[in-house]
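An overview of the molecular structure
The residues making up each chain are set out below.
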Amino acid sequence: MASYEKPSDAVLQALQDVANKLRIHSINATCASNSGHPTSCCSAAEIMSVLFFHTMRYKTKDPCSPCNDRFVMSKGHAAPILYAAWVEAGFLEESKLLDLRKINCELEGHPTPRLPFVDVATGSLGQGLGAACGMAYTGKYFDKSSYRVYCLLGDGECSEGAVWEAMAFASHYRLDNLVAIVDVNRLGQSEATPLQHDMDIYLKRCEAFGWNTCVVDGHNIPELCQVLLQAQHVKERPTAIIARTFKGKGLKGIENEDNWHGKPLPKDSVDGFLSELWGLIKTDKPPCPVLPKEDAAALESGPISLPSPPAFTLGDKVATRRAYGVALAKLGQACQRIVALDGDTKNSTFAETFKKTHPERYIECFIAEQNMVSVAVGCAARNRCVPFASTFGAFLSRAYDQIRMAAISQSNINLVGSHCGVSIGEDGPSQMALEDLAMFRAIPTCTIFYPCDAVSTERSVELAANKKGICFIRTSRPDTPVIYPPEEKFEVGYAKVVRQSDSDKVTIIGAGVTLHEALAAADLLASEGMNVRVIDPFTIKPLDADTIVSSARATAGKVLTVEDHYREGGLGEAVRFAVAGEPGITVQCLAVTEVPRSGKPQELLDLYGIGAKAIVAAVRMTFAN
């Protein structure tokens with residue numbers, strides 16, 4: 001360990017003065033908005049002062065610089081003190097703080113990337129450390145840069161399992177450029193936290209996860225300076241600083257008292273608190289942050305394209321999950337920013353194909369899907385990477401909150417869910433994603449790709465790599481025939497009419513596996529002298545309403561949807577929404593309507609009424625009625 005040189009008394013005083021100014025700013029901001037969490041800010045004041053004005057290296061006028069140290073405010077409710085730090089750094093005008101939480105102000109109740117110094121949105125507790133892991137992994141292994149990552153957590157959020165998923169990840173990958181500071185202020189929202197100030201248990205838990213760990217007085221500036229400097233010299237292990245603090249520190253009668261969470265200070269006592277804090281301040285200006293090293297390489301720019309067309313032949317039988325792996329490996333050849341993550345399912349999702357060709361850009365996240373999504377968000381921050389994270393579609397449901405927060409973070413991540421629907425067969429309902437379309441349709445920034453063959457899968461991956469926002473690619477387990485030539489063009493929001501004639505009686509819309517069932521049904525009906533139109537939507541969101549409506553009108557308003565998904569929130573509902581208000585169009589939906597069971601794929605498609613036989617029967621019934 002390098003020897004430690006204590007900062008001068010003048011520097012220590014300046015840092016203490018900054019801490020009290022941060023308290024003052026936080027109180028003023030929350031009083032102006034008449035809402036917020038001033039006591040949670042006060043417990044972190046010294047930590048924030050030392051981090052921003054002694055430890056971190058960054059450009060105060062360029063918060064987005066790729067060379068800057070990163071900071072994640074995982075305890076997002078303490079947002080006012082983050083904004084206050086950037087006021088003291090000179091980036092924000094102090095007057096902006098008085099607009100906290102107002103509708104025309106970007107200083108929101110919890111941090112979001114509407115602000116240039118916020119990389120990821122926080123506020124749903126327990127997620128910040130996972131994103132910080134993604135940033136630290138990117139810095140150490142992809143950028144190979146000297147920037148470091150700091151994450152401030154609250155003690156209450158340490159009850160979240162996602163925190164410990166992130167702790168295990170950081171230790172496994174030896175992220176020695178990552179520092180987590182836990183603000184142990186003892187009090188949660190409604191009562192004391194489980195461990196209160198039992199610092200020894202925090203210490204043992206973090207050490208057990210393989211972290212370099214120390215306990216400090218979180219209000220002691222010299223101690224904080226020392227441990228944060230020493231953390232820079234620790235190799236092969238991340239550092240956890242367990243800081244014993246008091247909620248409402250510096251506010252007499254409120255400090256360390258219950259029932260002050262999320263409340264502005266009483267108006268009749270604010271002046272007194274501010275006067276006391278101002279009386280402690282002896283210096284005018286904060287220390288200047290140290291500038292970072294300019295060692296983060298410039299990024300590739302421009303569109304990302306497959307280096308060659310799909311190499312599949314019409315009629316080949318290829319699972320779309322396998323085609324995903326082929327496509328990602330090819331895309332990784334074309335762009336160094338492409339990275340792949342998986343949750344110990346790479347031999348089923350075929351992310352292993354990417355790992356074999358680009359092992360240095362593959363991240364194994366193990367069975368921790370929540371953390372995998374957060375890590376992907378961290379990798380994508382500042383556009384350093386274009387991440388594709390894969391697992392069984394069913395298991396992404398346990399990461400729904402992380403996906404929701406990724407949208408709030410304005411993140412550009414790509415999620416791939418395989419083993420969707422009853423067509424996976426014998427593994428049974430716990431493995432069958434039957435809710436995923438509904439889940440991702442509810443995400444505001446999400447594009448949903450549902451390719452039906454290997455060619456459309458490759459193009460889905462290519463399009464997703466270039467699309468802003470979250471992309472979800474739904475892949476299937478069974479081998480299905482290639483129906484598109486390699487040169488076929490695909491666009492987001494444009495469907496394909498794959499079977500049509502001038503005498504079509506019904507429009508059938510299938511996706512993925514059920515598109516092939518629809519085509520089989522069309523062949524059976526054609527043998528009876530009845531023609532039907534078959535549409536592949538390609539993207540479920542956005543859905544090509546124009547093609548659906550025009551086809552519906554050409555088939556006397558009769559539309560049949562068929563999907564390997566529960567009825568609620570899936571393809572059928574999307575189509576019904578698309579044609580709502582169009583006169584004379586009726587939509588009949590075939591979907592899974594109960595919890596399924598194990599069986600062979602075709603048996604299950606038939607049993608739950610979404611196979612070719614059921615489609616034929618539904619068409620016949622339409623005309624019988």
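Residues numbered from 1 in each chain as written. Predicted model: local features only at pLDDT ≥ 70, side-chain atom pairs only at ≥ 80, totals over all residues. Heavy atoms only, no water.

1. Section: the overall build of the protein chain
As a reminder, the rule being used: The helix count covers DSSP runs of H or I at least four residues long, the strand count covers runs of E at least two residues long, and both are numbered beginning at the N terminus. Based on C-alpha atoms, the radius of gyration is set beside the globule rule, defined as 2.2 Å times the residue count to the power 0.38. Type-normalised accessible area, obtained with a 1.4 Å probe on protein chains alone, sets the label of each residue: buried when under 20%, exposed when over 50%, and partly exposed for intermediate values. By definition in these notes, contact holds between two residues if any of their heavy atoms fall within 4.5 Å. Working convention for charge: Lys and Arg count positive, Asp and Glu count negative, and His plus the chain ends are omitted. To locate a charge, take NZ of a lysine, CZ of an arginine, CG of an aspartate or CD of a glutamate.
Each helix and strand in the protein chain was counted, giving 21 helices and 19 strands. The C-alpha atoms of the protein chain give a radius of gyration of 28 Å, which matches the 25 Å a tight globule of 625 residues would have. Taking all 625 residues of the protein chain together, 60% fall into the buried category. For the protein chain, the share of sequence-separated contacts (at least 6 apart) that also reach a separation of at least 24 residues comes to 79%. Across the protein chain, the centroid of the 63 positively charged side chains sits 2 Å from that of the 72 negatively charged ones.

2. Quick look at the packing of helix α6 (residues 161-172) against helix α13 (residues 369-380)
Short version of the rule: Angular values range over 0 to 180 degrees, each being the angle between N-to-C directions of two axes fitted as lines to C-alpha atoms, with helices fitted over their stretch in contact. Should an angle fall under 35 degrees it is called roughly parallel, over 145 degrees roughly antiparallel, and 65 to 115 degrees roughly perpendicular, with every other angle called oblique. Note: crossing handedness is left-handed where the near helix turns anticlockwise from the far helix by less than a right angle, and right-handed where it turns clockwise. Residues are sorted three ways: Asp, Glu, Lys and Arg are charged, Ala, Val, Leu, Ile, Met, Phe, Trp, Tyr, Cys and Pro are nonpolar, and all the rest, Gly among them, are polar.
With their axes 9 Å apart at the nearest point, α6 and α13 run at an angle of 70° to one another. On the basis of the axis angle, α6 is roughly perpendicular to α13. The chirality of how α6 crosses α13 is right-handed. Every residue of α13 that contacts α6 at A162, E165, A166 and F169 is listed here: E369, Q370, N371 and V375. Here the residues of the contact of α6 with α13 are counted per class, giving four nonpolar, two polar and two charged.

3. A short note on the pattern of salt bridges
Which entries qualify depends on this criterion: Any Lys or Arg side-chain nitrogen found within 4 Å of a carboxyl oxygen on Asp or Glu counts as a salt bridge.
For the structure on display, the rule yields 26 salt bridges. The salt bridge partner of D69 is R57, with a shortest N-O separation of 3.7 Å. You can see D69 sitting in the loop between α3 (45-55) and β1 (70-73) and its partner R57 sitting in the loop between α3 and β1, a full 12 residues away along the chain. The class of D69 is buried, set by a relative accessible area of 4%. With a closest N to O distance of 2.5 Å, E582 and R553 form a salt bridge. Of this pair, E582 sits in the loop between α19 (571-579) and β19 (586-592) while R553 sits in helix α18 (residues 545-554), and the two are 29 residues apart along the sequence. Here R553 falls in the exposed class, since its relative accessible area comes to 57%.

4. A short note on the pairing of strand β16 (residues 533-536)
Short version of the rule: A pair of strands counts as paired when DSSP detects no fewer than two bridges linking them. For a crossover, the right-handed case is the one in which the path from the first strand over the helix to the second runs clockwise, viewed with the strands pointing away from the viewer.
On β16, burial covers both faces: R533 and I535 on one face and V534 and D536 on the other are all buried. Taken together, the three bridges between strand β14 (residues 496-499) and β16 define a ladder with antiparallel strand orientation. By the bridge assignment, R499 is partnered in β16 with V534. Direction of pairing for strand β15 (residues 507-510) relative to β16: parallel, over a ladder of three bridges. Counted as the bridge partner of I508 is V534 from β16. Once the chain exits β15 it traverses helix α17 (residues 513-527) before rejoining the sheet at β16, and the crossover so formed is right-handed.

5. Quick notes on helix α8 (residues 221-231)
One turn of the α-helix equals 3.6 residues, which is why residues spaced by three or four share an orientation. We count it as follows: Pairing of N or O atoms within 3.5 Å defines a polar contact, subject to two protein rules: one partner must be a possible hydrogen donor and the other a possible acceptor, and residues neighboring in sequence count only if both atoms are side-chain atoms.
By the burial criterion, the buried members of α8 are I221, L224, C225, V227, L228 and A231. On its buried side, α8 packs onto α1 (9-33), α3, β2 (149-154), β3 (178-184), β4 (212-217) and β5 (239-244). Where α8 begins, one side-chain oxygen reaches toward the backbone nitrogen of E223, 2.9 Å away; that side chain belongs to N220.

6. Remarks on the sheet that holds β2
Reading across from one edge, β1-β2-β3-β5-β4 is the order of the five strands in this open sheet, with parallel pairing throughout. Strand pairing shows two members of the sheet lacking a second neighbour, β1 and β4, which therefore form its edges. Neighbour-to-neighbour, the strand axes of this sheet turn through a mean angle of 20°, independent of strand direction. Pairing of β2 with β3, which is carried by six bridges, proceeds in the parallel orientation. Directly across from C151, in β3, lies its bridge partner A180. Docked against the sheet, helix α5 (residues 128-142) engages β1, β2 and β3, running at close to 170° with respect to β2.

7. Some thoughts on the nonpolar core
For clarity, the threshold we go by: Buried Ala, Val, Leu, Ile, Met, Phe, Trp, Tyr and Cys residues form a nonpolar core when they are joined through side-chain atoms within 4.5 Å.
Membership of the largest hydrophobic core comes to 81 residues, with the highest contact counts inside it found for L129, L178 and L415. Here L178 is in contact with L129, A132, C133, A136, V149, A170, W211, P238 and T239, once residues within four sequence places are set aside.

8. Overview of unusual backbone geometry
The omega torsion across K541 and P542 is 0°, close enough to zero to call that bond cis. Mapped onto the fold, P542 is located in the loop between β17 (539-541) and α18. Of note, R186 is a non-glycine position whose phi angle comes to about 80°, a positive value. Here R186 shows up in the loop between β3 and α7 (199-208). Unusually for a residue other than glycine, Q196 sits at a positive phi of about 45°. With respect to the secondary-structure elements, Q196 resides in the loop between β3 and α7. Owing to a relative accessible area of 34%, Q196 belongs among the partly exposed residues under this scheme.

9. Section: the environment of I548
For I548, the position within the fold is in helix α18. It is 7.9 Å that separates the C-alpha atoms of I548 and I535, two residues lying 13 residues apart in sequence. Every residue in contact with I548, bar those within four places of it in the chain, is listed here: I509, I535, L543, V575 and V579.

10. Quick word on the packing of aromatic side chains
Here is the rule: Stacked, tilted and edge-to-face pairs are distinguished by plane angle, under 30 degrees for stacked and over 60 for edge-to-face with tilted covering the rest, among Phe, Tyr and Trp rings (Trp via its six-membered ring) whose centres lie within 6.5 Å.
Counted according to the given criterion, the structure contains 19 aromatic pairs. Residues Y137 and Y173 carry aromatic rings whose centres are separated by 5.2 Å and whose planes lie at 85° to one another, so their mutual orientation is edge-to-face. You can see Y137 sitting in helix α5 and its partner Y173 sitting in the loop between α6 and β3, a full 36 residues away along the chain. Across this residue pair, the class does not change: Y137 and Y173 are buried. Relative to F490, the ring of Y484 lies with its centre 5.0 Å away and its plane at 90°, an arrangement referred to as edge-to-face. Neither Y484 nor F490 differs from the other in exposure class; each is buried.

11. A word on the packing of α5 against α6
Two numbers describe how α5 lies on α6: the axes approach to 8 Å, and their chain directions differ by 20°. The angle between α5 and α6 places the two elements in the roughly parallel class. Regarding α5 and α6, the two cross each other, and that crossing is left-handed. Counting all contacts with α5, which are made through L129, G130, C133 and Y137, the residues of α6 involved are V163, A166, M167, F169 and A170.

12. Some thoughts on the domain arrangement of the protein chain
Using the following cut-off: Each domain's extent was defined by an automatic or database domain assignment.
In terms of domain boundaries, the protein chain breaks down into domain 1 (9-280), domain 2 (316-482) and domain 3 (496-624). Taking only C-alpha atoms, the centre of domain 1 and the centre of domain 3 are 53 Å apart.

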